[in-house]
Amino acid sequence: MPQTLATANSVVTVDLAKVKRNIERIRRHIGPEVAILYTAKSNGYGHGLIEPTLFMERECGIHHFATGMLCEAIQLREAGLRDFLLVLGGIPYDGVPEFVHWDLAATVYEDTIPKALSAEAVRQGKTVKVHLKIDTGLRRLGVRVGQPLTDLVNLVRSLPNLEIHGVYTHLANGYSLDKSFTHQQMGEFEQALAQLREMGIRPPLIHAANTAATVASPETYYDMVRLAALIFGYDISPGIPNRLGLEPSMEWSSFVTNVLWAEEGENVSYYRFFVPKRRTRVAILGFGMGDGYVRNLVTQDTAHNADVLIHGRRARLLDLNVDQAFADVTDIPDVKIGDRVILVGRDGDEEITTMELGERGGTSNGHVCCSITSRPFRHYING
Ligand SMILES: *Cc1c(COP(=O)(O)O)cnc(C)c1O
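None of the values given here were measured: they were computed from a predicted structure.

Q: Account for the overall build of the protein, with residues named and values stated.
A: Helix and strand counts for the protein stand at 11 helices and 17 strands. Once the C-alpha set of the protein is aligned to its principal axes, its extents read approximately 75 × 45 × 40 Å. The proportion of buried residues among the 383 residues of the protein is 55%. Pairs at least 24 apart in sequence give 65% of the contacts found in the protein among residues at least 6 apart. Element-wise, carbon and sulfur atoms account for 50% of the exposed surface of the protein, whose accessible area totals about 16,500 Å². Of the charged side chains in the protein, 39 are positive and 45 negative; the average position of the first set lies 1 Å away from that of the second.

As structure tokens, this is what we get:
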């Protein structure tokens, strides 16, 4: 693993000042009454788990956090995160003692884990905050409205040392212009809230919105919005592009390790992956799929491949190996060993975003970001 900026072949630079400005713009959009919960999932979508999260707690006034998994929540607590921290995913049964020890809030939607949490909370003399998760149509985690919700609430209420602190749902279809499924889900969520009110339960935190809904559907806000992509500057909502004026906060860079001429009809890379149709200037680059560059961004039909930026110009990728990549620099003069290569980010007038790569690769912004492994050095700057 690279240890320093100087020794790394590729560097993911995260500009925390942009994160802070994005949060300010999101706050202006959602208004002062709605809290932001930062969802630190999958290594912070490639931006790193610890540093961005602690920065948001200490410098951006964010007081609510979540992770997808228990192991990530423990890492954040060990790094010093003190504020509210919700685990969104399923909790491993054997992890319950640690869960209680680290004062985490649990997503509850079935019987087994709340029973174990309650027994362990009694043992440790603690209270565990519980967020009831309602399945309104994603069909992943959650309890359905009606009798299943009534039964779950009765169970949780009967268990000592559990506190119903929140209720939430997750939207399936925020990335479509057609809001009808979202409205159907919100209708079910409203039914669940009414049911809870009838049972005398008014949890302090009601939440539903993710990135897409936060941009496009204010009716989903309630007390808090749960955000990952949006905070890092990826407005992946449908309709008007980037209407909040957010700034992608990640740059991913590498460098040229070799430059050569490949003649027409020659072999380039393994298995004659690229066979030049004209004499081609090929730059070899110091990153590969082992760094998490998504493989389907490179095909044998170069028309569909992603670009990188060299000298502020676009260079088409030709192939991707584990540690190295190939780019066509025939039309970029004077490319030489050591030159900077931008995989994601801006160079002069050109910019490559993770959203562009998601589209090029027939996948998503999230996939492109989450795929970046721990091998690229994470470099944090502030402005
Ligand atoms: C990932 C996730 C979010 C936030 O994701 P975005 O990328 O910001 O849309 C919110 N809630 C849950 C349950 C999630 O899994």
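So that's the structure; there's more coming.
Q: Kindly report on the sheet that holds strand 2 (residues 35-39), identifying the contributing residues and their values.
A: Strand order in the closed barrel formed by eight strands is 2-3-4-5-6-7-8-9, and the pairing between neighbours is parallel. Going across the sheet, the axis of each strand differs from the next one's by a mean of 30°, ignoring polarity. Note that strand 3 (residues 64-67) and strand 4 (residues 84-87) share four bridges and pair parallel. Note on strand 4: the bridge partner recorded for H64 is F84. Most of the contacts of helix 4 (residues 70-78) go to strand 4, to which it runs at about 160°, and overall it touches strand 3 and strand 4.

Q: I'd like a description of empty space enclosed by the protein, backed by residues and values.
A: A full pass over the atoms with the stated rule returns two cavities of 30 Å³ or more. In this model, the largest cavity occupies a volume close to 40 Å³. Taken together, K133, I134, D135, T136, L138, R139, R140, L141, T169 and H170 make up the full set of residues lining the largest cavity. Here the lining of the largest cavity is built from residues that sort into three nonpolar, three polar and four charged. Of the residues contributing to the lining of the second largest cavity, the split by class is three nonpolar, three polar and one charged.

Q: Break down the pattern of salt bridges for me, citing the residues and quoting the values.
A: Within this structure, the stated rule accounts for 21 salt bridges. In this structure, the salt-bridge partner of E247 is R25, at a minimum N-O distance of 2.9 Å. Residue E247 is found in the loop between strand 9 (224-227) and strand 10 (250-262), and its partner R25 is found in helix 1 (residues 16-30); the two are separated by 222 residues along the sequence. When the shortest N-O distance is used, the salt bridge between D307 and R314 registers 3.0 Å. Residue D307 is classed as buried on the basis of its relative accessible area of 4%.

Q: Explain unusual backbone geometry to me, and be specific about the residues and the numbers.
A: The backbone of Y45 shows a phi angle near 50°, a positive value even though the residue is not glycine. Take Y45: it is sitting in helix 2 (residues 42-45). Unlike most non-glycine residues, D103 shows phi in positive territory, near 55°. The topology assignment puts D103 in the loop between helix 5 (96-101) and strand 5 (105-108). Overall, D103 belongs to the partly exposed group, its relative accessible area being 46%.

Q: Describe the packing of helix 7 (residues 147-158) against helix 8 (residues 180-198), listing the residues and the values that go with them.
A: Helix 8 packs onto helix 7 with a crossing angle of 45° between their chain directions and a minimal axis gap of 11 Å. Between helix 7 and helix 8, the angle falls in the class oblique. The crossing of helix 7 and helix 8 is right-handed. Taken together, the residues of helix 8 that come into contact with helix 7 (itself represented by L149, T150 and V153) are A192, Q195 and L196. Of the residues in the contact of helix 7 with helix 8, the class split is four nonpolar, two polar and no charged.

Q: Tell me what's going on with the packing of aromatic side chains, and back it up with residues and numbers.
A: One pass over the full model with this rule turns up seven aromatic pairs. Note on Y38 and F232: the rings are 5.9 Å apart at their centroids and 80° apart in plane angle, and the pair reads as edge-to-face. Pair noted here: Y38 is in strand 2 and F232 is in the loop between strand 9 and strand 10, with a separation of 194 residues, a long-range link. For the pair Y38 and F232, one class covers both residues: buried.

Q: Lay out helix 6 (residues 112-124) in plain terms, naming residues and giving numbers.
A: Across its 13 residues, helix 6 extends 19 Å between first and last C-alpha, which sits within 8% of the 18 Å expected from 1.5 Å per residue. I113, P114, A116, L117, S118, E120 and A121 are the residues of helix 6 that are buried. In this structure, the buried residues of helix 6 make contact with helix 5, strand 5, strand 6 (128-134), helix 7 and strand 7 (162-169). Residue G125 follows helix 6 closely and has a positive phi angle near 65°.

Rules used in this analysis
- Note on numbering: residues in each chain are counted from 1, in written sequence order.
- In view of the model being predicted, local features appear only for residues whose pLDDT reaches at least 70, and side-chain atom pairs are presented and counted only at 80 or more, with totals across whole chains, interfaces and linings using the full set of residues.
- Computation of side-chain values covers all heavy atoms of the structure but excludes hydrogens and water.
- Only DSSP runs of H or I reaching four residues or more are called helices, and only runs of E reaching two or more are called strands; each is numbered from the N terminus.
- To sort residues, take the accessible area from a 1.4 Å probe on protein chains only and compare it with the maximum for the residue type: under 20% means buried, over 50% means exposed, and anything in between is partly exposed.
- Note on contacts: a residue pair is in contact if any heavy atoms of the two residues lie within 4.5 Å.
- With residues, only the protein chains shown are counted as cover, and all accessible areas are computed by Shrake-Rupley using a 1.4 Å probe.
- In this tally, Lys and Arg are treated as positive and Asp and Glu as negative; His is ignored, and so are the chain termini.
- Every charge is mapped onto a representative atom, which is NZ of Lys, CZ of Arg, CG of Asp or CD of Glu.
- Strands pair, by our definition, only if DSSP identifies at least two bridges between them.
- To get an axis, a line is fitted to the C-alpha atoms, and for a helix only the part in contact is used. The angle between two axes follows their N-to-C directions and goes from 0 to 180 degrees.
- Here a cavity denotes grid points, spaced 1 Å and computed from the protein atoms alone, that fit a 1.4 Å probe unable to get out, and a pocket denotes an open set having protein on both sides within 12 Å along at least 5 of 7 lines; residues with an atom within 4 Å of a point are the lining.
- Grid points are joined across faces, edges and corners, and a volume is the space filled by probe spheres set on the points.
- All residues other than Ala, Val, Leu, Ile, Met, Phe, Trp, Tyr, Cys, Pro, Asp, Glu, Lys and Arg, Gly among them, are scored as polar; the first ten of these are nonpolar and the last four charged.
- By definition here, a salt bridge exists when the distance from a side-chain nitrogen of Lys or Arg to a carboxyl oxygen of Asp or Glu is within 4 Å.
- Working rule for angles: under 35 degrees goes down as roughly parallel, over 145 as roughly antiparallel, 65 to 115 as roughly perpendicular, anything else as oblique.
- Here a crossing is called left-handed whenever its near helix is offset anticlockwise from the far helix by less than a right angle, and right-handed whenever the offset is clockwise.
- Two rings belonging to Phe, Tyr or Trp (six-membered ring only in the last case) form a pair when the distance between their centres is within 6.5 Å. Interplanar angles under 30 degrees mark stacking, angles over 60 mark edge-to-face geometry, and anything in between is tilted.
- Any helix carries an expected span of 1.5 Å times its number of residues minus one.

By themselves, these figures tell us nothing about what the structure is for.
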